[in-house]
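Understanding the architecture of this molecule
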Amino acid sequence: MTRALFALLLLLWVAGCAADPYGPNAAGICPLIRVAEMPLTIQRDVMFVDGTIENQPVRLLVDSGAERTLLTEDAVAGFRDPDGIRPLVVGRLDDAFVLASETCALDIIGAQVERELNPGELVVIDADGPRYRQAVEPRSASLCIFEYIYFARPDTTLNGRGLYEARVEMGRRLAAESAVEADVVIPVPDSGTPAAVGFAQASGIPFGEGLVKNRYVGRTFIQPDQALRERGVKLKFNVLRSVLEGKRVVVVDDSIVRGSTTRKLVTMLFEAGAKEVHLRISSPPIISPCFYGIDMADQDQLIAAGRNVGQVRDALGATSLSYLSLEGLQEATGETSDHFCRACLTGVYPTHIPDEMRLSKLRFEPLPAPAAAG
Ligand code: SF4
């Protein structure tokens, strides 16, 4: 009975990670550590957990941006980092309990949300049910604001707020902040869709689908080099000429990282007959890299770092470009700014970032080709 319960928990955790393919899982965290015949301990001063993976001893560091789960013979445990950068939720399925990074994983299996873990909080679940304790002092309340913008699925709730509704609201505010005369509003699917719905609602411009997404390829910004990213755009999207031809088009996307995807999309839309292409982005410009588990890009690869909006528009080849303001984004979350990490949008990090960590952002990028002689 006990083993069956924990096997279920294990499966549900894996399902939770699969439902969140670009959050913690894609960032290389979301580890599942088997603690063999060892008591689960967190030593407060240095914050690590000892355990084993396939009989090899491991020491699991507990750091910002990392949510951790551990499975023993008798219990499963979850720990949320002391800055609360990534969410971790406990759910209930009849008399069993589950852990997931997003509530949508609970919906899929019919579980109910029990509660979200607080920063620095540990839950140990065994045959007696869940026991919570504040394992380490919370350092800050710095939930990643990009969970609201892009990472988490729209059918997830965070802090009691449905992310679909939050993203629609971002689109409404974007329309109010940057009105434009146009014939059709289209999303960059799927992540730009809720904001495009909100933009169309607030502006009165009809919503349409001008880009069709290939559902069998992954996210392009996370590809390891530029050539793969460029090829990925062509594989990922096709245009609907009948929606675009002769039209002034508003294109709504959630964010722009390097700009390579957006630049290609703008070109494709003009080639399909669009008269004007107005880019509307439902987040502020990304100007700094992420050091909390999301491999976005290094600073000098971010198109908005060191460029103003007009320069970014020119680099992308669009007719016009507007971003949602930081205030507009914040209000759409329904929370105040002191609940969030917004470092990639502001350059202000909630924790100290060591120099070696900043340099390590380049380690998977290939060296540029040598310049031709002469
Ligand atoms: S830097 Fe940006 S992506 Fe990274 S945790 Fe903070 S808000 Fe999220």
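Our structure is the block above this text.
The notes below deal with the structure included here. What you see is a predicted model, and the numbers here were worked out from it, not measured in a lab.

Take the pairing of strand S5 (residues 76–79) next. What you see with S5 is no split at all: Val76 and Gly78 on one side and Ala77 and Phe79 on the other are buried throughout. Where strand S4 (residues 68–71) lies against S5, four bridges are found, and the strand directions are antiparallel. Bridge assignment links Leu71 to a residue of S5, and that residue is Val76. Where S4 folds back onto S5 in an antiparallel hairpin, the turn is made up of four residues. With four bridges connecting them, S5 and strand S9 (residues 121–126) associate as antiparallel partners. For Val76, the partnering residue across the bridge sits in S9 and is Ile125.

This part takes up the packing of helix H4 (residues 163–177) against helix H10 (residues 326–333). Contact geometry of H4 with H10 gives a least axis separation of 9 Å together with a crossing angle of 150 degrees. Crossing hand, H4 versus H10: right-handed. Side by side, H4 and H10 meet where Ala166, Glu169, Met170, Arg173 and Glu177 of the first sit next to Gly328, Leu329, Glu331 and Ala332 of the second. Tallied by class, residues from the contact of H4 with H10 come to four nonpolar, one polar and four charged.

What follows deals with the site of the ligand. Around the ligand, the surrounding shell consists of Ile85, Arg86, Cys144, Ile145, Phe146, Phe151, Cys290, Tyr292, Met296, Cys341, Ala343 and Cys344. Taking a 2 Å distance to the grid points as the criterion, the majority of the atoms of the ligand fall inside the largest cavity.

Between its first and last C-alpha atoms helix H8 (residues 260–271) spans 17 Å; for twelve residues at 1.5 Å apiece the expected length is 16 Å, and the two agree. Among all positions in H8, only Ser260, Thr261, Thr262, Leu265, Val266, Met268 and Leu269 are buried. Two residues or fewer after H8 comes Gly273, characterised by a positive phi angle close to 105 degrees.

Across all of its chains, the model carries 13 salt bridges by this definition. The partner of Arg139 in a salt bridge is Asp83, and the shortest N-O contact between them spans 2.9 Å. Residue Arg139 is found in the loop between strand S10 (129–134) and strand S11 (143–144), and its partner Asp83 is found in the loop between S5 and strand S6 (89–93); the two are separated by 56 residues along the sequence. The class of Arg139 is partly exposed, set by a relative accessible area of 46%. When the shortest N-O distance is used, the salt bridge between Arg153 and Asp155 registers 2.7 Å. Residue classification places Arg153 among the partly exposed positions, given a relative accessible area of 28%. Among the residues examined, Asp155 registers a relative accessible area of 39% and is labelled partly exposed. Through salt bridges with shared partners, a single ionic network connects Glu169, Arg172, Arg173 and Glu331.

All right, on to the sheet that holds strand S7 (residues 96–100) then. In space, the three strands of this open sheet follow the order S7-S6-S8, with antiparallel pairing throughout. On the outer flanks of this sheet lie S7 and strand S8 (112–116), each paired with one strand and no other. Neighbour-to-neighbour, the strand axes of the sheet open up by a mean angle of 30 degrees, direction not taken into account. As paired strands, S6 and S7 are joined by five bridges and run antiparallel to one another. Opposite Val90, over in S7, you have Leu99 as the bridge partner.

Basis of the calculations
- Residues numbered from 1 in each chain as written.
- Predicted model: local features only at pLDDT ≥ 70, side-chain atom pairs only at ≥ 80, totals over all residues.
- Heavy atoms only, no water.
- Buried < 20%, exposed > 50% of the residue type's maximum accessible area, 1.4 Å probe, protein only.
- Helix = DSSP H or I, 4+ residues; strand = E, 2+ residues; numbered from the N terminus.
- Pairing = 2+ DSSP bridges.
- Axes fitted to C-alpha atoms, helices over the stretch in contact; angles between N-to-C directions.
- Left-handed = near helix turned anticlockwise from the far one by under 90°.
- Contact = heavy atoms within 4.5 Å.
- Nonpolar A, V, L, I, M, F, W, Y, C, P; charged D, E, K, R; others polar.
- Near = heavy atom within 4 Å.
- 1 Å grid on protein atoms, 1.4 Å probe; cavity = no way out; pocket = protein on both sides within 12 Å on 5 of 7 lines; lining within 4 Å.
- Sits in = over half its atoms within 2 Å of the grid points.
- Expected span 1.5 Å × (residues − 1).
- Salt bridge = Lys/Arg side-chain N within 4 Å of Asp/Glu carboxyl O.

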